[in-house]
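# Notes for the structure review
For reference, the chains in residue letters:
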Amino acid sequence: MDSPADETSGGRDLRLDRVTKRFGEFLAVDALSLTIPSGSFFALLGPSGCGKTTTLRMVAGLEEPTEGSIHIGEEDVTFAKPYKRPVNTVFQSYALFPHLDIFENVAFGLRRRGSKEVKALVEGALELVELGQLARRKPAQLSGGQQQRVALARAIVNEPAVLLLDEPLGALDLKLRRQMQIELKHIQTEVGLTFVHVTHDQEEAMTMADTIAVMNGGRIEQQGSPGDLYESPSTTFVANFLGQSNLVRAAVAGTAGEDLLLDVHGQRLAMPAARRRSGEVDLLIGVRPEKIRLAPAGEVQSGDAENVVPGGVVTDASFTGVSTQYLVRMPWGQELMVFAQNTGGGVVAPGTTVDLRWDPVHTFGLDGSGDERAGVQHDEGVEPVPVG
Amino acid sequence: MSVVQGIGLGERRQSGGTPPPEPGRSGRRRATPYLLLLPGIAWLVVFFAVPIVTLFSTSTQTRPDGAEIGVYRQTFRLANYVDSLSEYAVVFGRSFLYALIATLAALLISYPLAYAIAFKAGRWRNVLLVLVVAPFFVSFLLRTVAWKQILADEAWVADALRFLHVLGPQDHIINSAPAVVIGITYNFLPFMILPIYASLERVDPRLIEAAGDLYANGLTALRRVTVPLSMPGIVAGTLLTFIPAAGDYINSALLGNRDTTMVGNVIDARFLRVVDYPTAAVLSVTLMVSILVLVGIYIRRAGTEELV
């Protein structure tokens, strides 16, 4: 059992219990409950304004919750001052002290706590982020990526129970960001601290985190491993925000053993009954684009129980090298997306009539009253501005 | 005339995008910035360089035997300095002491005020800044006269202090050293507040948050982050207060007594009433040089060479 005075991170889970934050009339965080196990890499993923940064700031002590409580291990830190919490933050803007050199920036927290081995610990932390030789430079003399590492070292060196990362890679260019993602994950494994990472970038969250909580409108939509969230989203928001989904309206027509029989615009399809997330008859069924296969129209059923939807017409084919991304117009007017890996079969020309085929186990069933456009990210190629 | 033509040629040449001009004409173009500096240089020569030289030269003059009052001849008598300084050493010491105390008092008042305006005032920020500058709408002299009223024997400040037994029944605040220091502090307060505000306003509040996140309590964050980052403002404010305060004579004249005489009062009296130009010049030169030396040491110690 850890005593509240214990300064190490061993076995101290971060627990948020019905935490609510209002700014005047605006409800930023809505009765959020969350347990983050000690030593895990946890991502809070959501679009701008979903309340993820506010949640982070409440854990750091920079905002006070309107309601609810926050515990680290057995210690109630809900209203504790930031400097009294075993929590450190890597700020989005890095917030390095411009008047101190890199060494003193990293040493700042240790000196405040009267550490006896400042020099060794700082040198160790700078070694970890591979900046040992720049210890006597000022922050302004460093590149963005280097400043980011200093901010990380400055937080890690204190061995907090919880390390908060507020969009730490948001200011870096794409290439550097990918590199830092791998490094961050590596460092987290090495130091074994609890990382809570706030981001709007789903790829970043998936690459690094053990567990992702997808936030929307101040609430957690779904929480789980990247694989779980991707393969079995429980809401349309998660289905669209995490990767891309084809969502089609369907009605439950009966059951057959483990399977649920569906009526989809006149076609009889099947999906595992266990993947149905709603008791309603009307569902939105989803399939990820890479799970669908384009088959020549009227291909003979090979006996296995594939879902087949005939009558699609290819309207667009974008060859990206690794794969080809197709848009297929269905008889009921909806356009579905299909990613075909480049295994040498060539590109299906637009205008071709095709059947869509996929394994029923890849189908998930969501509540039919959900908004099928929720969480769709526009302007994929444009980097969203990282706002709280 | 030829100067104007030269400039005109240069400009036409530039806009035409022709190859670099031959040496003879480029010389005229290189002269252009200096020609633009001419009015400023002329101003400095007439109103700074010439008076300084005159002042230095006056400081070593002597009055010929039997000459009229106010008539002095240049005799390069450096002993003027020894004579005057031995007579007025105490006055010099007092001036710098008053200026130092007033500067420190102004700093203690200004820093929290500037901090509050920069970080806590919200939408009242501009109103408060106007209020800081508002006293300038009244003349320096009138404001000091007002303090004469505030600190007078029959005014409430003295009454309150007597009531609290801080002040004896026969004691005064007016016409005393504290009154002079209070007057100087008050008069130069805006010169302290504004530069400190300007540098605090540029401090990123996220750095203060980061300090809190790194186990610094409010006071430590102030000492380790906010104050160091506002050092340029503190240095500028203390200089803008100390330099004029050391040479001030109005506060001492209006709020002090014979024992609070400052260098400024002596210079004023020697120049304008006694018509003893050499002594006044000696004191002026000494004041100037000692302030330069003190400021030089201070800036070096404060480690903000980039300020000058």
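Along the backbone of chain B there are 13 helices and two strands. Split into buried and exposed, the 308 residues of chain B put 28% on the buried side. For chain B, long-range pairs separated by at least 24 residues make up 67% of all intrachain contacts whose partners lie at least 6 apart in sequence.

As a further point, take the pairing of strand E4 (residues 67–72) of chain A. All names here are of chain A. Sheet topology places strand E1 (residues 14–23) next to E4; five bridges connect them, and they run antiparallel. Opposite Leu-16, over in E4, you have Ile-70 as the bridge partner. Relative to strand E5 (residues 75–76), E4 is paired through two bridges, and the arrangement is antiparallel. Counterpart to His-71 in the pairing with E5 is Asp-76. Counting the residues that bridge the hairpin from E4 to E5 gives two residues, and of these Gly-73 lies at a positive phi of roughly 60 degrees.

All names here are of chain B. Where helix H10 (residues 231–247) contacts helix H13 (residues 277–302), the two axes come as close as 11 Å, and the packing angle between them is 165 degrees. Classified by the angle their axes make, H10 and H13 are roughly antiparallel. Handedness of the crossing formed by H10 with H13: right-handed. Residues Met-231, Val-235, Leu-239, Ile-243, Ala-246 and Gly-247 of H10 lie in contact with H13, whose contacting residues are Leu-287, Ile-291, Val-295, Ile-299 and Ala-302. For the contact of H10 with H13, the class distribution of residues is ten nonpolar, one polar and no charged.

Quick look at the nonpolar core now. Of all hydrophobic cores here, the largest spans 140 residues; its most connected members are Val-59, Val-106, Ala-153, Val-162, Leu-164, Val-196 and Val-214 of chain A. Considering every element that reaches this core, the biggest residue donor is helix H7 (residues 177–201) of chain B, with 14 residues. Among the nonpolar cores identified, the runner-up in size contains ten residues, and Val-287, Tyr-326, Val-328 and Val-338 of chain A belong to it.

Time to look at the interface of chain A and chain B. Taken together, the contact pairs 15 residues of chain A with 14 residues of chain B. Put simply, the parts of the chain that give the side of chain A that touches chain B at least two residues each are strand E6 (87–90) and helix H2 (102–112) of chain A. Take the side of chain A that touches chain B: its biggest share by element is three residues, from H2 of chain A. Looking at the side of chain A that touches chain B residue by residue, the classes come out as eight nonpolar, five polar and two charged.

Another point: helix H5 (residues 174–191) of chain A. Residues and elements named next belong to chain A. When the terminal C-alpha atoms of H5 are compared, their 26 Å separation across 18 residues agrees well with the 26 Å that a helix rising 1.5 Å per residue should span. What H5 keeps buried is the set Arg-177, Met-180, Gln-181, Leu-184 and Gln-188. Buried positions in H5, seen along its axis, are confined to an arc of 115 degrees and lie on one side of it. For H5, the exposed residues set more than 90 degrees away from the buried face come down to Lys-175, Ile-182, His-186, Thr-189 and Glu-190. At its buried positions, H5 is contacted by strand E3 (41–45), helix H4 (144–156), strand E8 (194–199) and helix H6 (202–208).

Glancing now at the confidence of the model for chain B. Parts of the prediction with low pLDDT should not have their coordinates interpreted in detail. All names here are of chain B. With 89% of its residues at a pLDDT of 70 or more, chain B shows a mean pLDDT of 88. In the predicted structure, residues 1–18 sits below a pLDDT of 50 and forms nine contacts with residues beyond four places in sequence or in another chain. Here the prediction assigns the complex a pTM of 0.79, and the interface score ipTM is 0.81.

The next subject is the sheet that holds strand E17 (residues 323–329) of chain A. Working definition: the strands of a sheet are paired by backbone hydrogen bonds and lie parallel or antiparallel to each other. Residue and element names in this part refer to chain A. Read across the open sheet, the five strands follow the order E15-E19-E16-E17-E18; overall the sheet is antiparallel. Strands with a single pairing partner mark the edges of an open sheet, and in this sheet they are strand E15 (293–296) and strand E18 (335–341). Geometrically, the sheet is characterised by an average inter-axis angle of 50 degrees between neighbouring strands, direction not taken into account.

Rules used throughout
Residues numbered from 1 in each chain as written. Chains lettered and ligands numbered in written order. Predicted model: local features only at pLDDT ≥ 70, side-chain atom pairs only at ≥ 80, totals over all residues. Helix = DSSP H or I, 4+ residues; strand = E, 2+ residues; numbered from the N terminus. Buried ≥ 20, exposed ≤ 12 C-beta atoms within 10 Å, placed from the backbone. Contact = placed C-beta atoms within 7 Å. Pairing = 2+ DSSP bridges. Axes fitted to C-alpha atoms, helices over the stretch in contact; angles between N-to-C directions. Parallel < 35°, antiparallel > 145°, perpendicular 65-115°, else oblique. Left-handed = near helix turned anticlockwise from the far one by under 90°. Nonpolar A, V, L, I, M, F, W, Y, C, P; charged D, E, K, R; others polar. Core = buried A, V, L, I, M, F, W, Y, C linked by C-beta atoms within 7 Å. Expected span 1.5 Å × (residues − 1). Arc of directions from axis to C-beta. pLDDT = per-residue confidence, 0-100.

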